[in-house]
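Spelled out from the first residue to the last, the chains are:
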Amino acid sequence: MTETSANPARSASRAALLTVFLVVFIDLLGFGIVLPLLPRYADRLLEPAGITGQLSGWVIGGLLSVFSLMQFIFAPIWGRISDRVGRRPILLIGLVGSVVFYALFGYASSLMGSGSEPVSADTAKLILWLMFVARAGAGVAGATISTAQAVIADCTPKEKRAHGMALIGAAFGIGFTFGPLLAGLAMIFLPGHPEFAGYAASTLSLLALILAIAKMPETRREDSLSPRRNWLDVRGLFSTLQTPTVGRLVTTFFLATFGFAGFEGTLALLNQEIYPKNDEINYWIFAYVGFVLMLTQGFLYRKLVKKHHEVRLMRVGVGFMFLGLVGLAAVAMADQEMQLRKLMYFIALALGVVGFAFLTPSAQALISKRSDPSRQGEVLGVNQSFSALARILGPLTGVVLFKLESSHVLPYTASAVMLAIVMILLIGVGPTGANKKEEPVPTV
């Protein structure tokens, strides 16, 4: 390829990577905005709507998990369609959905009013229904993250695949940092305008959509056109899981995400235990988690992956996650008056997040590198689908275990045990070398 022809290709790749970065950032910004707000909103709405007792827990859990449920269903569908029609239209559809459904969340929030007057029963029920629709729709739109990962696979050679996947992780971390911060600032400075967070996320999605329309090129290569298949292709799912290395990697990523999601789901509850008189710190701790994730994947991981294989970084990541969860168990058992407890808490959080930041791009890069190029979107969609399933089951299991006994140590010890299983699974995932070939997923 001549230098003249190479320059436009590099420019198109940079535009594609920038758009992918923005898509993931917007997705996680919206998720980070509403995550700390949903339990608080639900508390205001459940009693007026006549929802009490155990049913209230199911409603709150449903609001939190319906987003991931939609991602579980739609991630492989979007990925499979993008293998056929291209990445650009799918990412644009996802951004349009984000604009619409975050605006709907803002409108539903506005119906609550300033908070000085109680919400009527009919209004409370309407708001809850609208919020369920908004979160489900945002999950469908956010499921295009698997297509964003496929764009990374399209634009990067195998030796730089993990470096590219870390870009998604950095966007994830930045979005998860500024989302809770935006929610916290809105609650402090605009307490009478709960709709601000949803409308802000919708506006940012609109800006990303405009930029994507103007700059996003198509990255799917014509020589990797996949055969036409049904949207719900169960054979493709089993083909992915039955491929020795790829199936083991998907299972590993599911279990690790399950353990991490259990910690995420109980984070607000543990914050309340450690800081019982400081409700606002909940936002800042969520932002701290996102900040550590952003620094690790945006800077540290991208340097280390140039020198170390993804498998080694996965093992290091699992080790850090294990230490972080053991640390959280120790924090949960520590005496509440112990001053060292808060320092231990922030150290344990950092260890767990750094570990997950090492694991995520490494697993995604290996899955992509060992997949058939014509099925990148589908295989990464299957992995994203299992990740979403872990984010449904993990918080639910974590909260149940958290409530079982007073020390609240069970969710963290259970996740640590799960990570020990992950380490065993990783024994069978070795780096490819001169005598080992990548194992592509067979075309179905």
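That block above? That's the structure.
None of the values given here were measured: they were computed from a predicted structure.

Notes on helix α6 (residues 145–155)
Three- or four-residue spacings in an α-helix give side chains the same orientation, since the helix completes a turn every 3.6 residues. Of all 11 residues making up α6, 11 are buried, and the element is well covered by its neighbours. Along α6, the positions that sit buried rather than exposed are I145, S146, T147, A148, Q149, A150, V151, I152, A153, D154 and C155.

Some words on the packing of helix α12 (residues 310–333) against helix α15 (residues 410–425)
With their axes 8 Å apart at the nearest point, α12 and α15 run at an angle of 165° to one another. Between α12 and α15, the crossing angle belongs to the class labelled roughly antiparallel. Considering how the two elements wind past one another, α12 and α15 form a crossing that is left-handed. Two secondary-structure elements touch here, α12 through R315, V318, G319, M321, F322, L325, V326, L328, A329 and A332 and α15 through Y412, T413, S415, A416, L419, V422 and M423.

Digging into empty space enclosed by the protein
Going through the model one piece at a time under the given rule, you end up with 4 cavities of 30 Å³ or more. Approximately 330 Å³ is the volume found for the largest cavity. In terms of lining, the largest cavity is formed by 26 residues, of which the most central are L28, I145, F172, Q384 and R391. Here the lining of the largest cavity is built from residues that sort into 13 nonpolar, 10 polar and 3 charged. Of the pockets and cavities examined, the second largest cavity occupies roughly 60 Å³. The wall of the second largest cavity is formed by F260, F263, M321, G324, L325, L328, A348, L349 and G352. For the lining of the second largest cavity, the secondary-structure elements that each account for two or more residues are α10 (244–274), α12 and α13 (340–369). Here the lining of the second largest cavity takes 4 residues from α12, the largest share from any one element. Here the residues of the lining of the second largest cavity sort into 7 nonpolar, 2 polar and no charged.

Reading the values: the criteria
Residues numbered from 1 in each chain as written. Predicted model: local features only at pLDDT ≥ 70, side-chain atom pairs only at ≥ 80, totals over all residues. Heavy atoms only, no water. Buried < 20%, exposed > 50% of the residue type's maximum accessible area, 1.4 Å probe, protein only. Helix = DSSP H or I, 4+ residues; strand = E, 2+ residues; numbered from the N terminus. Axes fitted to C-alpha atoms, helices over the stretch in contact; angles between N-to-C directions. Parallel < 35°, antiparallel > 145°, perpendicular 65-115°, else oblique. Left-handed = near helix turned anticlockwise from the far one by under 90°. Contact = heavy atoms within 4.5 Å. 1 Å grid on protein atoms, 1.4 Å probe; cavity = no way out; pocket = protein on both sides within 12 Å on 5 of 7 lines; lining within 4 Å. Points joined across faces, edges and corners; volume = space filled by probe spheres on them. Nonpolar A, V, L, I, M, F, W, Y, C, P; charged D, E, K, R; others polar.

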